Amino acid sequence: MSDRRTSTFIGSQFYEIDGVIPVVNPTAFIHPTAVLIGDVIIGPNCYVGPHACLRGDFGRVELRQGSNVQDSCVMHSFPGQDAIVEEDGHIGHGAILHGCIVGRNAMVGMNSVIMDGAEVGENAIVAAMTFIKANEKIPARSLVVGTPGRIIREITDQELAWKTEGTQTYQELTRRCLATLRPVEPLTAPESGRKRLTPSSIQPLYKLK
C-alpha cells in the first residue's frame with residue numbers, strides 16, 4: 001500500500017492530481033519553494049532547488065538516486081512520456097527537460113533545453129545554453145554545445161572527474177539542507193568576523209585547465 005503521509009512533508013508545494021500524489025524519499029531535500037505535482041517520484045539523496053517545477057500531470061517525472069535539479073529548472077512531458085534523470089544526474093540552474101532522459105552521471109548545463117524523446121548518454125556533458133532537439137540521441141561521454149546542440153568531442157578524464165565531484169557536492173548539500181536549513185529573520189548588518197561557507201573544494205572548470 002502506498003504511504004499517503006500528510007505530516008512529514010507539509011507545504012503548499014506538493015499537489016495531488018487525479019488521485020496521484022508525489023513521492024519523496026525521506027533522504028531527499030525539496031526546497032519549500034519548489035513545486036511537485038502529481039506523478040513525481042524523487043529517489044534517495046536527491047536535491048531539488050528553489051523554484052524548480054516538476055509537473056507530473058501528463059507523464060511521469062522521476063529523479064533517481066543521487067541526482068539533482070537546481071534552481072528554476074522545469075521538468076514536464078507530453079501524455080504517456082516520462083521525464084527522467086538517472087542516478088547521479090546533474091541538472092544546472094534554469095534548465096528545461098521535456099519528455100527526455102538524462103543518463104547516469106550525465107550533466108545538463110545552465111539554461112539548456114532538452115526536448116521530447118531526446119536521450120543524453122551516461123557521463124555526457126551538455127554545455128550551458130545548449131538546445132537538444134527532439135529525439136536526439138547523445139552518445140555516452142560526449143561534450144555537446146550550441147543551438148542546436150552538436151557533439152564536439154569526447155569529454156576528458158579531468159572533466160568527468162570534475163562533474164562527478166560537483167554532483168557529490170550537491171549530494172552533500174542535500175544532507176546539509178536536511179540538517180541545518182531553516183527560515184530566519186535577516187541580520188541588519190554583517191557580524192564581526194562573519195563566517196564563510198567552505199563545504200567543498202570544487203572550483204569552476206576553467207580554473208582547472
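Let us look at the structure shown here. (Residues numbered from 1 in each chain as written. Predicted model: local features only at pLDDT ≥ 70, side-chain atom pairs only at ≥ 80, totals over all residues. Heavy atoms only, no water.)

**Observations regarding the pattern of salt bridges**
- In this structure the tally under the stated criterion is nine salt bridges.
- The salt bridge partner of R55 is D57, with a shortest N-O separation of 2.7 Å.
- With relative accessibility at 30%, the residue R55 sits in the partly exposed group.
- Here E122 makes a salt bridge to R104, at a shortest N to O gap of 2.2 Å. (Salt bridge = Lys/Arg side-chain N within 4 Å of Asp/Glu carboxyl O. Buried < 20%, exposed > 50% of the residue type's maximum accessible area, 1.4 Å probe, protein only.)

**Describing the pairing of strand β19 (residues 142–145)**
- A two-sided burial pattern is seen for β19, the buried positions comprising S142 and V144 on one face and L143 and V145 on the other.
- Both strand β16 (residues 125–126) and β19 contribute to a ladder of two bridges, which runs parallel. Residue pairing for β19: V126 is matched across the bridge by V144.
- Sheet topology note: the β19/strand β20 (residues 150–154) ladder contains four bridges and is antiparallel. Following the sheet pairing, L143 is matched in β20 by R153.
- Linkage of β19 to β20, two consecutive antiparallel strands, is achieved through a turn of four residues, within which G146 is found at a positive phi near 95 degrees. (Helix = DSSP H or I, 4+ residues; strand = E, 2+ residues; numbered from the N terminus. Pairing = 2+ DSSP bridges.)

**Describing the nonpolar core**
- I42 and L54 are the most contacted members of the largest nonpolar core, which has 34 residues in total.
- Elements with a minimum of two residues in this core: β4 (35–42), β6 (53–63) and β9 (83–85).
- The residues touching L54, leaving out its near neighbours within four places in the chain, are V35, L36, I37, V40, I42, V48, V61, L63, V69 and M75.
- One finds V145, I155, W162 and L205 within the second-largest nonpolar core, a separate group that totals eight residues. (Core = buried A, V, L, I, M, F, W, Y, C linked by side-chain atoms within 4.5 Å. Contact = heavy atoms within 4.5 Å.)

**Remarks on the sheet that holds β16**
- The eight strands are arranged β3-β5-β7-β10-β13-β16-β19-β20 in an open sheet whose pairing can be described as mixed. In the strand order of this sheet, the two ends are held by β3 (29–30) and β20, each with one partner.
- Note that strand β13 (residues 107–108) and β16 share two bridges and pair parallel. From the neighbouring strand, M107 faces β16, where its bridge partner is I125.

**Some thoughts on the packing of aromatic side chains**
- The final tally for this structure, using the stated rule, is two aromatic pairs.
- Ring centres 5.7 Å apart and planes at 25 degrees place the aromatic pair F29 and Y47 in the stacked group. Taken together, the residues span a long stretch of sequence, with F29 in strand β3 and Y47 in strand β5 (residues 47–48) at a distance of 18 residues. This pair shows no difference in class: F29 is buried, exactly as Y47 is.
- With a centroid separation of 5.4 Å and 65 degrees between ring planes, the pair formed by Y47 and Y170 is classed as edge-to-face. Taken together, the residues span a long stretch of sequence, with Y47 in strand β5 and Y170 in helix α1 (residues 157–180) at a distance of 123 residues. No difference in accessibility class separates Y47 from Y170, as the two residues are buried.
- The rings of F29, Y47 and Y170 are connected pair by pair, giving a single aromatic cluster. (Phe/Tyr/Trp six-rings, centres within 6.5 Å; stacked < 30°, edge-to-face > 60°.)

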